[in-house]
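This is what each chain is made of:
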Amino acid sequence: MKIDCEVLGYRSLFVLANGDVVPCCHMSAAKVHQWYWDNTDGKENLHEHTLQEIIDNRLFKAVHESWDGDDAKVCFACRKVCRVGKEKNDEFRYEDL
Ligand code: SF4
């Protein structure tokens, strides 16, 4: 599966109101999906960790590494939002969770 990440070229990230940091806004919605919980070490919060610690943590690495592996293991948000060739209306649907 080819992924065309919307934010990779901007070197940006997304900070939630509670201090959690995720790679992008789409990933904040992915927190409701099991993929997120299978690939986090719970160290994404700016109240408890530095930005560098967060960027170096398991979640950020798992997102990138998931693009090169088994299609079934690609990050849920990346697959739904940034998959090359996806149907135009194939975005997040809560019934997919
Ligand atoms: S969903 Fe994944 S591929 Fe898309 S912008 Fe976010 S991190 Fe990048």
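None of the values given here were measured: they were computed from a predicted structure.

1. Some points on the overall build of the protein
Item 1. Helices and strands together make up the secondary structure of the protein, namely five helices and two strands.
Item 2. In the protein, the order of α-helices and β-strands from amino to carboxyl end is β-β-α-α-α-α-α.
Item 3. Counting across all 97 residues of the protein, residues that qualify as buried make up 23%.
Item 4. Residue pairs in contact within the protein that sit at least 24 positions apart in sequence constitute 47% of those at least 6 positions apart.

2. Here we look at the site of the ligand
Item 1. The immediate surroundings of the ligand are formed by 14 residues, with Cys5, Glu6, Cys24, Cys78 and Cys82 found nearest.
Item 2. At the level of elements, helix 1 (25-29) and helix 5 (76-82) are the ones that each hand at least two residues to the shell around the ligand.
Item 3. Here the shell around the ligand gets four residues from one element, more than from any other, and that element is helix 5.
Item 4. Residues that form the shell around the ligand fall into these classes: 12 nonpolar, one polar and one charged.

3. Some remarks on unusual backbone geometry
Trans is the prevailing form of peptide bonds, just as negative phi is the prevailing case for residues other than glycine.
Item 1. For Arg11, which is not glycine, the phi dihedral falls at a positive 50°.
Item 2. The class for Arg11 is exposed, based on 6 C-beta atoms found within 10 Å.

4. Here we look at the nonpolar core
Item 1. By size, the foremost hydrophobic cluster in this structure holds 16 residues, and its most contacted members are Cys75, Ala77 and Cys78.
Item 2. Of all the elements in the fold, those that place two or more residues in this core are strand 2 (21-22), helix 2 (34-38), helix 4 (58-66) and helix 5.
Item 3. Looking at which element gives the most residues to this core, the answer is helix 5, with five residues.

Reading guide: rules and limits
- Residues numbered from 1 in each chain as written.
- Predicted model: local features only at pLDDT ≥ 70, side-chain atom pairs only at ≥ 80, totals over all residues.
- Helix = DSSP H or I, 4+ residues; strand = E, 2+ residues; numbered from the N terminus.
- Buried ≥ 20, exposed ≤ 12 C-beta atoms within 10 Å, placed from the backbone.
- Contact = placed C-beta atoms within 7 Å.
- Near = placed C-beta within 6 Å.
- Nonpolar A, V, L, I, M, F, W, Y, C, P; charged D, E, K, R; others polar.
- Core = buried A, V, L, I, M, F, W, Y, C linked by C-beta atoms within 7 Å.

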